[in-house]
Amino acid sequence: MARRRPTKRARARRAPNRGRRLLVGALLALFGLSVAYGLYLDFDIRAQFDGKRWAVPARVYARPLELYPGLQLSPGELLAELGLLGYRQVSDPGQPGSYARQGGGVLLHTRGFEFSDGAEPGRVLELQFAGGRLSAMRDAQAHRPIDLARLEPLYIGGIYPGHKEDRILVRVDQVPPMLVGALLATEDREFMNHYGVDFRAIARAGLANLRAGRTVQGGSTITQQLVKNYFLSNDRTLWRKANEAVMSLLLEWHYGKEEILEAYLNEVYLGQDGGRAIHGVGLASQFYFGRSVKQLSLPQMATLVALIRGPSYYDPHRQPQRLLARRNHVLQMMASEGLIDEVEAVSASRSGLGVQRRPSSGMSRYPAFMDLVRDQLRRDYRDEDLGSDGLRIFTTLDPAAQQAAEQGLSEQIRRLQPGTADEPARLQGAMVMTRPDTGEVLAVVGGRDPRFPGFNRALNAQRPVGSLIKPAIFLTALSDPARYDLLTAIEDTPLQIPNTDGSVWSPGNYDGTSHGSVPMYQALVHSYNQASVRLGMDLGVERVRDTLVSLGLERSVPAYPSLLLGAVALSPYEIAQIYQTLANGGFRTPLRAIREVLTAEGEPLQRYSLNVSQAVDPAAVAILNSALQEVVRSGTGRGLRAWLAPELHVAGKTGTTDDLRDSWFAGFSGTHLGVVWLGRDDNASINLTGSSGALRVWGQAVSQLRTGSLVLAMPDKVEHVLVDTHSLLLADRACPEVVALAFAADTGPREAASCAQRGPAARTVDWLRGLF
Amino acid sequence: MKRLAVLLVSSVLLAACAAPAPPTGPAAEPRGDAQAGPAASETATSSVVARLLAQARQAERVGDLSATEANLERALRIEPRNARLWHYMARLRMAQKAYPEAASLAAKANSLAQGNRTLQHDNWRLISQALTLQGDSEAAAAAAARAAAFKE
């Protein structure tokens, strides 16, 4: 039996019901989806808002300059530091951050600073200089002498969250009301009244744009701009705009006007500094005008607001006229809103932009040193912690040493290989400077162009070290004083060493000749390859490698015979760590770039303590160092004499590699240790030896510093004496050719040379006085 | 640590075997104006360091080891070759229970203390204490003997 089909009428009646149900269902589903989507947007925008509010990068500081009577410091050197710190020269230093010259002295009004070990008050100091030193220091207001004062440390850079954004956060009550007024007058007149979206503004803008035929006005509220900033999206589709509108409404629902305004003031994009984006009025004030937001003048405030529309379109350096016009437009808006009167607006319009040419401080003036800071922090902190907690990091950077190192490197490189238009100079280099006694890193230069944050050759360029390795061979020998002292005869003669593949290695000397039997010190002082390799093979390459490890070599290197001539690739920083132990008398001191880390509130989080460990016999090191001093006095390092005062004693070693591809010098005075490398990134020959290249960089850099003469710490039973180079017997000033060498008890010469006028019993260091 | 003990013991033995050294002039004295560090205003700088040291010791007495360390480091940056400062840094490490570090710092102090018998004695005593607390009684005894030699 066939089912009776429903009549057309019945079907027709059922259709609208079904249709209606479908429609209702669809609407419900759409509603449900919208709500869900709305919740998603809500979650998203709140996460952005709350997250960004607290994303403060870590701030990194150089060492604070300590002032005390007796400090080696000239007025010029003090002014250089003050210049970096942004102190202004005035006639009467009434404000912190200013100074006056008074005859030969300086009247300095310091800014205070909260150090972890106490607050340093800002005060007025009267400084007097004499004989290249700070001779007296008085508190000019309390009228009494002061024996110690610290300047605030120089801010050298920030460690940012992943996307390289920097901030100087401001609270809304720290921003001048006039600036807020200018902002609202120009960008969002109805800010205090709307709910996130201002339809009248949109309509107004739409009309204006229609009339003009292009976009001349924006209808976005500040809230909408803030949302747009969070998502960094450039597509202006309707969908995007709708999303942003909804999120603006949600934002206004959750947060108050003041909070939104504050977030905007810290988020607004106002410019670009190379790879670093300038966000927020706090940073922008510093970047464009070199002052804090509280110190901005009326035209300067108007300029910042003017930039909002397009920091690159209105770039102050490339489009100053455009920016000026827009700034004056902002001033007019302010006048029409009643914030300022017409007279002020006109007078402000007449002033120049006042944007500083080269922004002071900033991304970092010292990118190579910052790399080291980041490396050392990474051992203890995750990247996210570094970027988002506002930590304060106090480092060991010495701006004066850094300046000397940079200048030495770039000037000498230019002189050594000036290059032409067709053949750009490809000579590169790096330098590391540290303090011998404490291991503090004073300077790191990563390349000939130190401002450029590129490949950091000081930390990361691993190059064969050549003769720099030799002190490790001689130190190994000297650690056995019964068998070896600096006068022990060794053979500088040809030798052949079989390689594992059957071939034979036959090292030659740099000058192509063999010198026969020579006293050990000569092999080191003149860097004889054959003698060094012979000695190293006698001692055993593994033992030489062990010495290197004791000195601070961390990288594992195979103990092949070629190690003895430095066929091992190390970075300048690694070499500095090794020579540090020599400079510190056999005490291995881990190199430190950071002194301590504080939280944003100033609580100590981590202290990088000063520690040493006794790595090598101090007697052997003292003896070796006396020979390294001779390297500079009469050996391959004697070119340094052209740079240094005659009474300044230093020790060091030159290093040259095969085909003259690398030029090295590692040396130390009483207060500075420096390692220099020169070479080409493509490893081609540079035609320079350690003496003709790196040594000059070292010489120029150190000659620009206050450096102390090296005074070798002679442990018990080690003596520093004069030896006649011909007879190898004890000498005195009467002898024409002498070297000063150290010997352990019961070793070394006992008799006097014929040229000596005193008796052999007088084996004291008196003889060294006045020699050099 | 073992290395340090070996070094210390061997230096003790060497000292015992060697003939007494002829009297030498103070080897580590600064010479001439090229020296960086107090010269013309020697007393003034030393008074700064003395004050920082006094502050450090005061902080140690009240148990503020962090302030002790800060003051000592500040003093050491002004006079890095001052053996007394290194000695106090070693004592600080003892208070912090960092015994290997303490012994090494005392050895560093000794390397700068030529001619100062009292200080060398104090350093060796500290090394001995540090070694005892690390459980190395043999090396500790050797160090104690070295300390005693400076008492005479």
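Residues numbered from 1 in each chain as written. Chains lettered and ligands numbered in written order. Predicted model: local features only at pLDDT ≥ 70, side-chain atom pairs only at ≥ 80, totals over all residues. Heavy atoms only, no water.

A.B. asks: How would you summarise the overall build of chain B if you had to cite specific residues and measurements?
C.D. replies: Helix and strand content of chain B: 7 helices and 0 strands. Per-residue burial over chain B gives 46% buried out of 152 residues. With the model as given, the accessible surface of chain B reaches about 7,300 Å², and the carbon-plus-sulfur share is 56%. (Helix = DSSP H or I, 4+ residues; strand = E, 2+ residues; numbered from the N terminus. Buried < 20%, exposed > 50% of the residue type's maximum accessible area, 1.4 Å probe, protein only. Areas by Shrake-Rupley, 256 points an atom, 1.4 Å probe, with all protein chains shown as cover.)

A.B. asks: Go over the packing of aromatic side chains with me, naming the residues and quoting the values.
C.D. replies: Residues and elements named next belong to chain A. Inspection of the entire model under this criterion finds 11 aromatic pairs over all chains. Aromatic side chains Tyr37 and Tyr40 sit 5.7 Å apart centroid to centroid with 35° between the ring planes, which places their arrangement in the tilted category. One end of the pair is Tyr37 and the other is Tyr40, both in helix α1 (residues 8–53) and 3 residues apart, which spans about a single turn. With a relative accessible area of 29%, Tyr37 lands in the partly exposed category. Here Tyr37 and Trp239 contribute two aromatic rings whose centre-to-centre distance is 5.7 Å and whose plane-to-plane angle is 25°, an arrangement assigned as stacked. With Tyr37 in helix α1 and Trp239 in helix α6 (residues 238–254), this pair connects stretches of sequence that are 202 residues apart. Taken together, Tyr61, Phe113, Phe115, Tyr155 and Phe394 form an aromatic cluster joined through their ring pairs. Over the ring of Phe115 we find Arg150, and its NZ or CZ is 3.9 Å from the ring centre. Note that Lys257 overlies the ring of Phe191, its terminal NZ or CZ placed 4.7 Å from the centroid. (Phe/Tyr/Trp six-rings, centres within 6.5 Å; stacked < 30°, edge-to-face > 60°. Lys NZ or Arg CZ within 6 Å of the ring centre and 35° of its normal.)

A.B. asks: Residues and numbers for the pairing of strand β17 (residues 427–434) of chain A, please.
C.D. replies: All names here are of chain A. Counting buried positions over the 8 residues of β17 gives 8, a clear majority of the element. Burial of β17 is two-sided: the residues Leu427, Gly429, Met431 and Met433 facing one way and the residues Gln428, Ala430, Val432 and Thr434 facing the other way are all buried. Looking at chain direction, β17 and strand β31 (residues 673–680) are connected through 8 bridges and run antiparallel. Residue pairing in the sheet places Thr434 in a bridge with Leu673 of β31. Inspection of the sheet shows β17 paired to strand β18 (residues 441–445) by 4 bridges, in the antiparallel sense. When the sheet's bridge partners are listed, Met433 is paired in β18 with Ala443. Hairpin geometry of β17 and β18 is characterised by an intervening segment of 6 residues between the two adjacent antiparallel strands and by a positive phi of about 75° at Gly439. (Pairing = 2+ DSSP bridges.)

A.B. asks: I'd like a rundown of the state of the cysteines, residues and numbers included.
C.D. replies: Residues and elements named next belong to chain A. Scanning all chains against the criterion turns up 1 disulfide over all chains. Each sulfur in the disulfide pair Cys735 and Cys755 lies 2.0 Å from the other. Here the S-S torsion is close to 95°, and the disulfide linking Cys735 with Cys755 is therefore right-handed. Taken together, the residues span a long stretch of sequence, with Cys735 in the loop between β32 (718–724) and β33 (738–744) and Cys755 in the segment after β33 at a distance of 20 residues. (Disulfide = S-S within 2.5 Å.)

A.B. asks: Before we move on, can you summarise helix α18 (residues 529–539) of chain A with the specific residues and values?
C.D. replies: All names here are of chain A. Within α18, 8 of the 11 residues are buried, which leaves the element mostly enclosed by the surrounding structure. Taken as a whole, α18 has its buried residues at Asn529, Gln530, Ala531, Ser532, Val533, Leu535, Gly536 and Leu539. Elements that come into contact with the buried residues of α18 comprise α16 (470–478), β20 (489–492), β21 (497–498), β22 (504–505), α17 (520–525) and α19 (541–551). Backbone geometry just after α18 places Gly540 at a positive phi near 105°. (Contact = heavy atoms within 4.5 Å.)

A.B. asks: For the sheet that holds β18(A), give the residues involved together with the corresponding values.
C.D. replies: In sheet architecture, strand pairing relies on hydrogen bonds along the backbone and comes in two forms, parallel and antiparallel. All names here are of chain A. One open sheet accounts for 5 strands, arranged β18-β17-β31-β30-β29; its pairing is antiparallel. If you trace the sheet from one side to the other, it starts and ends with β18 and β29 (651–656), each paired once. The mean angle between the axes of side-by-side strands here comes to 10°, regardless of whether they run parallel or antiparallel. Pairing of β29 with strand β30 (residues 662–668) involves 6 bridges; the strand directions are antiparallel. Each bridged residue has a counterpart across the sheet, and for Gly655 the counterpart in β30 is Trp664. Along the sheet face, helix α14 (residues 399–416) touches β17, β18 and β31 and points at about 30° away from the line of β18. (Axes fitted to C-alpha atoms, helices over the stretch in contact; angles between N-to-C directions.)

A.B. asks: Help me get a handle on the pattern of salt bridges, residues and values and all.
C.D. replies: Within this structure, the stated rule accounts for 37 salt bridges over all chains. Among the salt bridges present, the one from A:Asp173 reaches A:Arg171, with a minimum N-O distance of 3.4 Å. Since its relative accessible area comes to 60%, A:Asp173 is described here as exposed. Looking at A:Arg171, the relative accessible area reads 48%, which means it is partly exposed. Notably, a salt bridge pairs B:Arg77 with A:Glu440, separated by 3.2 Å at the nearest N-O pair. Here the residue B:Arg77 occupies a position in helix α3 (residues 65–78), and A:Glu440 occupies one in the loop between β17 and β18, the pair thus bridging two chains. (Salt bridge = Lys/Arg side-chain N within 4 Å of Asp/Glu carboxyl O.)

A.B. asks: How would you summarise the sheet that holds strand β27 (residues 604–607) of chain A if you had to cite specific residues and measurements?
C.D. replies: Residue and element names in this part refer to chain A. Spatially, β12-β1-β16-β26-β27 is the arrangement adopted by the 5 strands of the open sheet, whose pairing is mixed. Each edge of the open sheet is held by one strand with a lone partner, namely β12 (155–159) and β27. When the angles between neighbouring strand axes are averaged without regard to direction, this sheet yields 20°. Judged from the 3 bridges that link them, strand β1 (residues 58–61) and strand β16 (residues 392–395) form a sheet pairing that is parallel. Each residue of the ladder has a partner; that of Tyr61, found in β16, is Phe394. This element, helix α12 (residues 367–378), spans β1, β12, β16 and β26 (594–598) of the sheet and lies at about 50° to β12.

A.B. asks: Run through the pairing of β16(A), naming residues and quoting values.
C.D. replies: Residues in a regular strand project their side chains so that they alternate between the two faces of the sheet. Residue and element names in this part refer to chain A. Side-chain alternation along β16 places Arg392 and Phe394 on one buried face and Ile393 and Thr395 on a second face that is also buried. For β16 and β26, the ladder comprises 4 bridges, and the chain directions are antiparallel. Its bridge partner lying in β26, Thr395 is registered against Ile594.

A.B. asks: Outline the nonpolar core, supporting the account with residue identities and numerical values.
C.D. replies: Residue and element names in this part refer to chain A. In terms of nonpolar packing, the biggest core is built from 163 residues, with Leu67, Leu78 and Leu127 touching the most fellow members. In terms of residue count, helix α21 (residues 618–634) provides more of this core than any other element does, 9 residues in total. Once you skip the residues sitting within four places of it in the chain, Leu127 turns out to touch Leu67, Leu78, Gly105, Val106, Leu108, Leu134, Ala136 and Met137. Listed in part, the 56 residues of the second largest apolar core include Val170, Leu179, Val180 and Val281. (Core = buried A, V, L, I, M, F, W, Y, C linked by side-chain atoms within 4.5 Å.)

A.B. asks: Now, about the packing of helix α5 (residues 99–111) of chain B against helix α6 (residues 117–133) of chain B: what can you tell me, with residues and values included?
C.D. replies: Residues and elements named next belong to chain B. Look at α5 against α6: their axes get within 9 Å of each other, and the N-to-C directions meet at 160°. Viewed along their axes, α5 and α6 adopt a mutual orientation that is roughly antiparallel. Like other packed secondary-structure pairs, α5 and α6 cross with a definite hand, here left-handed. Every residue of α6 that contacts α5 at Tyr99, Ala102, Ala103, Ala106, Ala107, Ala109 and Asn110 is listed here: Leu119, Gln120, Asn123, Trp124, Leu126, Ile127, Ala130 and Leu133. (Parallel < 35°, antiparallel > 145°, perpendicular 65-115°, else oblique. Left-handed = near helix turned anticlockwise from the far one by under 90°.)

A.B. asks: Residues and numbers for the environment of A:Gly103, please.
C.D. replies: All names here are of chain A. In this structure, Gly103 sits in the loop between β4 (98–102) and β5 (105–109). Note on Gly103: relative accessible area 71%, which makes it exposed. Separated by 25 residues in the primary sequence, Gly103 and Gln128 place their C-alpha atoms 9.4 Å from one another.

A.B. asks: Outline the confidence of the model for chain A, supporting the account with residue identities and numerical values.
C.D. replies: On average, residues of chain A score 88 in pLDDT, and 90% of them are at 70 or above. Counting interchain partners and residues more than four positions distant, the pLDDT-below-50 stretch residues 760–772 of chain A has 34 contacts. (pLDDT = per-residue confidence, 0-100.)

A.B. asks: Talk me through the packing of helix α5 (residues 222–231) of chain A against helix α7 (residues 257–267) of chain A; I want residue IDs and the actual numbers.
C.D. replies: Two packed helices can be described by the angle between their axes and the distance between those axes. Residues and elements named next belong to chain A. α7 packs onto α5 with a crossing angle of 50° between their chain directions and a minimal axis gap of 10 Å. Considering their axes alone, α5 and α7 lie oblique with respect to each other. Of the two elements, α5 crosses α7, and the hand of that crossing is left-handed. On the side of α5, the interface is formed by Ile222, Thr223, Gln225, Leu226, Asn229 and Tyr230, while α7 contributes Ile260, Ala263, Tyr264 and Glu267.

A.B. asks: Describe α5(A), naming the residues involved and giving the relevant values.
C.D. replies: For α5(A), the buried fraction is high: 9 of the 10 residues fall into the buried class. Of the residues making up α5(A), those classed as buried are A:Ile222, A:Thr223, A:Gln224, A:Gln225, A:Leu226, A:Val227, A:Asn229, A:Tyr230 and A:Phe231.

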